[in-house]
Amino acid sequence: MSSKEMYLLHHGLKLPKETHDLESLKFAQEFTFKNEDVVAVTYPKSGTIWMQEILPLVLNGGDLTLIHTVPNWDRAPWLEEKRLAEVVDQLKSPRALVSHFPYHLMPPSFHTSKAKVIYVMRNPKDIIVSSYYFHQMAGFLEDPGTFDEFMDKFLEGRVLFGKWTDHVKSWRHTELGDRIMYITYEEMCQDLPAALRRISEFLGRHLSEESIQKIAEHCSFKNMKANNMSNFSLVPKKYMDPDKSSFFRKGVVGDWKNHFSSESLAKFTSVLRKELGSESVSLPWSLD
Ligand code: PPS
């Protein structure tokens, strides 16, 4: 399949046709956010599915029933994907959603509501690696080519949802005040219970230590990878082929060190530094 057949362009961003179409994007634009909604926003491969697992659990106080009976994409659907229209009426308030939209594509009702956002960031070097393997296993995405070819595409923004730098910059400068919380994938890897305490306070849930530990246990890499409602094993092999790579691949910080040559690292750092300008100093990780 050609790139044109696989992707549609939405405000200049490449989105897979398998999961998005003009109707789903119109539905997202007209979606009515409620004040108590929570949306986890990420650039792809930053920890979306992890936060998709966490949010409903924090909102419902740690009740694991849904986690064992409903697939993750229906527990906290994507704002921009086709599936939302089918399940929106079944979502119980407070609703959890996920989105890969940059800030300027969020619908009008998001801005007028008091809905909260958790923006998850990840070291872009690990994002490229994760995305590279994801493109190998996802039948609805272009073949990534070699790692260096894929890096060129990433740096030029010829990948899903465009440039990482644009996405991160768009969400770092909002007028959302205390409606937005920033967290990193690395922080979640380092101490998940601490991250969960922060999320729970932000959402006004004040969960007991017992519930925090229960959610942390359930949301560990190992347990999510083993849960058929979370590990994408329900998706036909032609869309996601676990023989090529697992969605739950490694779940670690720093795998980029096994993939970047010194030349690719120098190129990567120079492009990102230039695009981020003074912003690069306030990032939670070094670009080098
Ligand atoms: S997507 O396709 O954009 O929704 O992907 P996304 O969920 O954002 O990112 C996938 C990566 O997140 C890792 N992951 C986790 N890491 C640690 N702990 C838990 N519980 C966890 N859940 C998902 C997943 O393994 C992908 O990273 P890589 O580096 O490829 O392993």
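In what follows, the structure referred to is the one given above.
Just so we're clear, the structure is a prediction, and the values are computed from it rather than from any experiment.

> So what's going on with the nonpolar core? Residues and values would help.
Grouped together as the largest cluster of nonpolar side chains are 92 residues, with contacts concentrated most on Met-51, Ile-54, Phe-110, Trp-164 and Trp-171. Sort the elements by how many residues they give to this core and helix α3 (residues 48–59) lands first, with eight residues.

> Any chance you could break down the site of the ligand for me, citing the residues and the numbers?
Taken together, the neighbourhood of the ligand is formed by 22 residues, with Thr-48, Ser-130, Tyr-185, Lys-250 and Gly-251 sitting nearest. Between an oxygen atom of the ligand and a side-chain N or O atom of His-100, the distance comes to 3.4 Å. In this structure, a nitrogen atom belonging to the ligand sits 2.7 Å away from a side-chain N or O atom of Tyr-185. Mapped by element, the contributors of at least two residues to the shell around the ligand are α3, α8 (124–137) and α14 (221–226). Split by residue class, the shell around the ligand holds 11 nonpolar, seven polar and four charged.

> Tell me about the side chain of Ser-170, and please be specific about residues and values.
If you trace the backbone, Ser-170 turns up in helix α10 (residues 164–172). Ser-170 gets classed as buried once you look at its relative accessible area, which sits at 15%. In this structure the side chain of Ser-170 is engaged in a polar contact, spanning 3.1 Å, whose partner is the backbone nitrogen of Tyr-103. The contact partners of Ser-170, leaving out residues within four places of it in the chain, are Pro-102 and Tyr-103.

> Would you mind going over the packing of α3 against helix α12 (residues 192–202) in detail, with residue names and values included?
Taken N-terminus to C-terminus, the directions of α3 and α12 make an angle of 55 degrees; their axes are 11 Å apart at the nearest point. Relative to α12, the element α3 is oriented oblique. Here α3 and α12 pass one another in a crossing that is right-handed. Residues Trp-50, Met-51, Ile-54 and Val-58 of α3 touch α12, and the partners they reach there are Leu-192, Leu-196, Ile-199 and Ser-200. Per-class residue counts for the contact of α3 with α12 are seven nonpolar, one polar and no charged.

> Now, about α12: what can you tell me, with residues and values included?
Restricting attention to buried positions, one finds in α12 the residues Leu-192, Pro-193, Ala-195, Leu-196, Ile-199, Ser-200 and Phe-202. Next to the buried residues of α12 lie α3, β5 (116–121), β6 (180–184), α11 (185–190) and α13 (209–218). For α12, the N-terminal cap is Asp-191; the gap from its side-chain oxygen to the backbone nitrogen of Ala-194 is 3.2 Å. Directly after α12, the chain includes Gly-204, whose backbone phi takes a positive value near 70 degrees.

Cut-offs applied
The written sequence of each chain sets the order in which its residues are numbered from 1. Two thresholds apply to this predicted model, a pLDDT of at least 70 for residue-level local features and 80 or more for giving and counting side-chain atom pairs, whereas whole-chain, interface and lining totals are computed over all residues. Each side-chain value is derived from all of the structure's non-hydrogen atoms; neither hydrogens nor water enter the calculation. Here, nonpolar core means buried Ala, Val, Leu, Ile, Met, Phe, Trp, Tyr and Cys residues that are tied together by side-chain atoms lying within 4.5 Å of each other. Only protein chains enter the accessibility calculation, which uses a 1.4 Å probe; a residue is then buried when its area is under 20% of its type maximum, exposed when over 50%, and partly exposed in between. Numbering of helices and strands starts at the N terminus; helices are DSSP runs of H or I of at least 4 residues and strands are runs of E of at least 2. When we say a residue is near a molecule or strand, we mean one of its heavy atoms is within 4 Å of it. A 3.5 Å cut-off defines polar contacts: any pair of N or O atoms within that distance qualifies, except that in protein one atom must be a possible hydrogen donor and the other a possible acceptor, and neighbouring residues in sequence count only when both atoms are side-chain atoms. Only Asp, Glu, Lys and Arg are considered charged in this grouping, and only Ala, Val, Leu, Ile, Met, Phe, Trp, Tyr, Cys and Pro are considered nonpolar; every other residue, Gly among them, is considered polar. In what follows, residue pairs with any heavy atoms lying within 4.5 Å of each other are defined as contacts. For helices, the fitted axis covers only the stretch in contact; all axes are lines through C-alpha atoms, and the angles between them, taken along N-to-C directions, range from 0 to 180 degrees. Any angle that falls under 35 degrees is termed roughly parallel, while one over 145 is termed roughly antiparallel, one within 65 to 115 roughly perpendicular, and all others oblique. Two helices that cross are described as forming a left-handed crossing if the nearer one is turned anticlockwise from the farther one by less than a right angle, and a right-handed crossing if clockwise.

Purely spatial values, then, with no claim about function.
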